[in-house]
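Reading the structure
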Amino acid sequence: MRRLKGLLVCAVWALTSGAWAQGKSPAAVQTVEVKFPSAEAGVELTAYWTPPGTEPGGAAAVVALHGCGGLPADRAQLAYPRSRYVKMLRDAGAGVLYVDSLGPRGQGSICAQKPLERSIRESNRRLDVIAALQWLAQQPGVDARRLGVVGWSHGGQTVLATGDASLEVVRQAPVKPAALVAFYAGCSDIEKSSRYETAAPLLVMSGELDNWTPAAPCQRWTRHLQAGGQPVRYVQYEGSYHAFDSTSSVTERDNAGGTKSGKAMAGGNPAAREASALELMKFLGQHLGLQPLPDGWAHAAVVPLPSHFAALADVAAVPRLSVKGRALYQEWLDKPFPRAVAVSGGGAMARGYGAHAMHDAVHNCEKLSGKPCRLYAVDDQVVWKNE
């Protein structure tokens, strides 16, 4: 295993709060691109690091692992506060390191590839996680005893692989995680392992209707581990498919490698999106000491699907806003979830926060303008549609 001591952070560019906004204060949270070697020889990783705030004794930090599709092409989506999970974790006191396992190995999406034909497997990415944990342990203000790993889909499977203490590569890792979380991971292969020993408390969350990475193997496997006294929690969300925490509508995908038909349903379930976020934060609060989510952290009503009208941080795209309105919108971008902005056709704007953010934003906008108002943005998504 390659030694990682004494590494220098390579900050290629800064992704600032509000995404490229001018006039931000020096105290604004920043996300930076960094590079460091994987524990796999010859692989130089790229990652996106949002440092934690100052905390006596050091703060917690989380390694975040993408699915088979890789990181978004627009890396600004990984910046605080544009990324829902980065903002949620950072606001709770943790630093977040999103690791790109595909790009540095010269690949894009591996979703359409059959699992046995993939050259990038969970065992490769496990070596990335081992390196990322060691990198985090060296960062100023980070407590190496409070590190977690969270992954989605193929990243979730990597979490499971990283957490198997029956393997020497895991036992010999210089830095150990304190918590492991897997969203809609495939458990069919790991269920066959009779020697699995979780290296840290593990949370596994699956969608009841997932036909890409089915829930049943995960449910059976986690029950087996629980029966053996291992610290494992399993949660299954009814009426939910793959990627149940996304804001996308449920559609059939054609590039679902690992399924008999090559197709699978994927898309968000608003109830599961909120419930799984709460589950995540409670679990990490218990094992990493993160700050609890405040009362009213979730919306009381269903959040509209994103319209993709404009980028969230594109202040100039908000219809008919005045200079003052743009400043208020820019300020809103730094506020915690749940949050909402409503605008009128005449250029009035109002903001809302808390469980009733959407209602309050529309109500206050109409009270201010005397005209009908509609939601423009909610949390980390623009929902406005030209009519």
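How each quantity is defined
Residues numbered from 1 in each chain as written. Predicted model: local features only at pLDDT ≥ 70, side-chain atom pairs only at ≥ 80, totals over all residues. Heavy atoms only, no water. Salt bridge = Lys/Arg side-chain N within 4 Å of Asp/Glu carboxyl O. Helix = DSSP H or I, 4+ residues; strand = E, 2+ residues; numbered from the N terminus. Buried < 20%, exposed > 50% of the residue type's maximum accessible area, 1.4 Å probe, protein only. Phe/Tyr/Trp six-rings, centres within 6.5 Å; stacked < 30°, edge-to-face > 60°. Lys NZ or Arg CZ within 6 Å of the ring centre and 35° of its normal. Disulfide = S-S within 2.5 Å. pLDDT = per-residue confidence, 0-100. Contact = heavy atoms within 4.5 Å. Pairing = 2+ DSSP bridges. 1 Å grid on protein atoms, 1.4 Å probe; cavity = no way out; pocket = protein on both sides within 12 Å on 5 of 7 lines; lining within 4 Å. Points joined across faces, edges and corners; volume = space filled by probe spheres on them. Nonpolar A, V, L, I, M, F, W, Y, C, P; charged D, E, K, R; others polar. Axes fitted to C-alpha atoms, helices over the stretch in contact; angles between N-to-C directions. Left-handed = near helix turned anticlockwise from the far one by under 90°.

1. Overview of the pattern of salt bridges
Counted under the stated rule, the structure contains 14 salt bridges. In this structure, Asp91 and Lys87 form a salt bridge, with 3.3 Å as the shortest nitrogen-oxygen distance. On the criterion of helical spacing, the pair formed by Asp91 and Lys87 is a turn pair, its members being 4 residues apart in helix H1 (residues 84-91). A residue is classified by how much of its surface remains accessible, and Lys87, at 1% relative accessible area, is buried. Connected through shared salt-bridge partners, Glu40, Arg105 and Asp128 make up one network.

2. Some points on the packing of aromatic side chains
Taken as a whole and judged by the stated rule, the model has 15 aromatic pairs. Both rings, one in Tyr237 and one in Phe244, keep their centres 5.1 Å apart while their planes meet at 50°; by these two values the pair is tilted. Judged by its relative accessible area of 0%, Phe244 falls in the buried class. Note on Phe309 and Tyr376: the rings are 6.1 Å apart at their centroids and 90° apart in plane angle, and the pair reads as edge-to-face. Of this pair, Phe309 sits in the loop between helix H6 (270-288) and helix H7 (323-332) while Tyr376 sits in strand S14 (residues 373-378), and the two are 67 residues apart along the sequence. Overall, Phe309 belongs to the partly exposed group, its relative accessible area being 30%. Owing to a relative accessible area of 0%, Tyr376 belongs among the buried residues under this scheme. Among the aromatic residues, those joined into a ring-pair cluster are Tyr85, Tyr98, Trp152, Phe183, Tyr184, Tyr237 and Phe244. The ring of Tyr85 carries the charged tip of Arg84 above its face, separated from the ring centre by 5.7 Å. Directly above the ring of Trp384 sits Arg374, whose terminal nitrogen or CZ lies 3.8 Å from the centroid.

3. What about the state of the cysteines?
The final tally for this structure, using the stated rule, is 3 disulfides. Across the disulfide, Cys187 is cross-linked to Cys218 (sulfur-sulfur distance 2.0 Å). With the S-S bond torsion at 90°, the cross-link from Cys187 to Cys218 turns out right-handed. Within this pair, whereas Cys187 is found in the loop between strand S7 (179-183) and strand S8 (202-207), its partner Cys218 is found in helix H5 (residues 215-227), the two being separated by 31 residues in sequence. The same class applies to Cys187 as to Cys218, namely buried. Sequence-ordered numbering of the bonded cysteines in the protein yields a pairing of 1-2, 3-4, 5-6.

4. Observations regarding the confidence of the model for the protein
Residues of the protein with pLDDT of at least 70 account for 92%, and the chain-wide mean is 90. Note that pLDDT drops below 50 for residues 1-27; the model gives that stretch 70 contacts with residues more than four away or on any other chain.

5. Considering the sheet that holds strand S13 (residues 349-353)
What links the strands of a sheet is backbone hydrogen bonding, and the strands pair in either a parallel or an antiparallel sense. Judged by pairing direction, the sheet is antiparallel, and its 4 strands sit side by side in the order S13-S12-S14-S15 without closing on themselves. The open sheet is flanked by S13 and strand S15 (381-382), the only strands paired with a single partner.

6. A closer look at empty space enclosed by the protein
Inspection of every chain in the model, using the stated rule, returns 1 cavity of 30 Å³ or more. Along its surface, the largest cavity is lined by Arg126, Ile130, Leu133, Thr162, Val170, Ala173, Val175, Lys176 and Pro177. It is helix H2 (residues 122-137) that contributes the most residues to the lining of the largest cavity, 3 residues altogether. Looking at the lining of the largest cavity, its residues break down into 6 nonpolar, 1 polar and 2 charged.

7. A closer look at the packing of H1 against H6
Put simply, H1 and H6 touch, their axes get as near as 11 Å, and they point 35° apart. Crossing geometry of H1 relative to H6 is assigned as right-handed. Residues Arg84, Tyr85, Met88 and Leu89 of H1 form the contact with H6, whose own contacting residues are Arg273, Glu274, Ala277, Leu280, Met281 and Leu284.

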